[in-house]
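For reference, the chains in residue letters:
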Amino acid sequence: MSVLSRVSPLSAAGDAGRFGGKAAQLASARRAGLPVPDGWALGWDEVEALVRRDRDGPEVEAALRATVAGSGPVAVRSSAVGEDSHDASFAGAHLTVLGLVGGDAVVHGVREVHASAVHPGALAYRDRLAVDGAIRMGVVVQEMVDADMAGVLFTRNPLTGADELVIEASWGLGEAVVSGLVTPDHIRASPDGRILETVIGEKDVAIRLTRDGVARETAVPSDLAGMPCLGHEQVRKLHGLVRACNEVYADTAHDIEFAFVGDTLFLLQRRPITHG
């Protein structure tokens, strides 16, 4: 096996039993031409080798360093076996590390993500859902999108179960939304993409990439904080992304993380909506 074959292109990481659920979901999207930022994946066995520094560890680390050499900032995302499945999402339980540049930072990020599998919150989630078996943590290394606005979209109302689109969005990177740093804008739209309700949130802080690629909190100007970050055109594009996901995946219950750079829409993550 060549050194570089230890790291797989994201589009080739379709084996959820090796690369984990997140990588497999994104691989399907990449192969179908959905607007997923490019990236790479490490199977759980490569991650174990790198973290434990066993016989294959130096080769895996060398491959990862060679792969990211010269690239811009990346995100290292958890992709455990069983994660982002119909039965268990692990949303927020495992770590994502943003704005990493260079081999040292990415290798350290992989180790941090691997360690997050045994954080108390992740273990409690496994116990609550009775997830059996050894913890097998793959990772996705994905090109960062320097988002102007970002957020999450559900194709079923997560509170009521209603057949409608529910969108939460804010300025900058979507981490401000998923981490609870801000009260995002809240939009309800009909299944055909027509806006039913918009509630403006308190978006006074954003996470943005600095010139050196680091993700940092920044203050949002007061005149921008109270403005809606998504309009009818962006919601129309999100509805189009939902329709595209309907063609790719086996069900239409999507939990999507998205980002806009100007008018360009990116799909960052997609998982089935779960109740756990």
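Rules used in this analysis
Residues numbered from 1 in each chain as written. Predicted model: local features only at pLDDT ≥ 70, side-chain atom pairs only at ≥ 80, totals over all residues. Heavy atoms only, no water. Pairing = 2+ DSSP bridges. Helix = DSSP H or I, 4+ residues; strand = E, 2+ residues; numbered from the N terminus. Contact = heavy atoms within 4.5 Å. Axes fitted to C-alpha atoms, helices over the stretch in contact; angles between N-to-C directions. Phe/Tyr/Trp six-rings, centres within 6.5 Å; stacked < 30°, edge-to-face > 60°. Lys NZ or Arg CZ within 6 Å of the ring centre and 35° of its normal.

Some details on the sheet that holds strand β3 (residues 74–80)
Moving on, step 1. The antiparallel open sheet is built from five strands, whose spatial order is β1-β2-β5-β3-β4. Of all the strands in the sheet, just β1 (8–9) and β4 (96–100) have a single pairing partner and so form its edges.
Moving on, step 2. One ladder, built from two bridges, connects β1 with strand β2 (residues 39–42); its direction is antiparallel. Note on β2: the bridge partner recorded for S8 is A41.
Moving on, step 3. Together, β2 and β5 (137–143) form the strand contacts of helix α4 (residues 57–68), whose direction differs from that of β2 by roughly 175°.
Moving on, step 4. Each of β2, β3, β4 and β5 is contacted by helix α5 (residues 103–115), which is oriented at about 30° to β3, the strand it contacts most.

Topic: the pairing of strand β11 (residues 215–219)
Moving on, step 1. Pairing of strand β10 (residues 205–209) with β11, which is carried by five bridges, proceeds in the antiparallel orientation. Counted as the bridge partner of V205 is A219 from β11.
Moving on, step 2. Here β10 folds back onto β11, and the loop between the two strands holds five residues, one of which, G213, carries a positive phi near 90°.

With respect to the packing of aromatic side chains
Moving on, step 1. With the rule as written, the count across this model stands at one aromatic pair.
Moving on, step 2. Taking the ring centre of Y249 as reference, the NZ or CZ of R270 above it sits at 4.1 Å.

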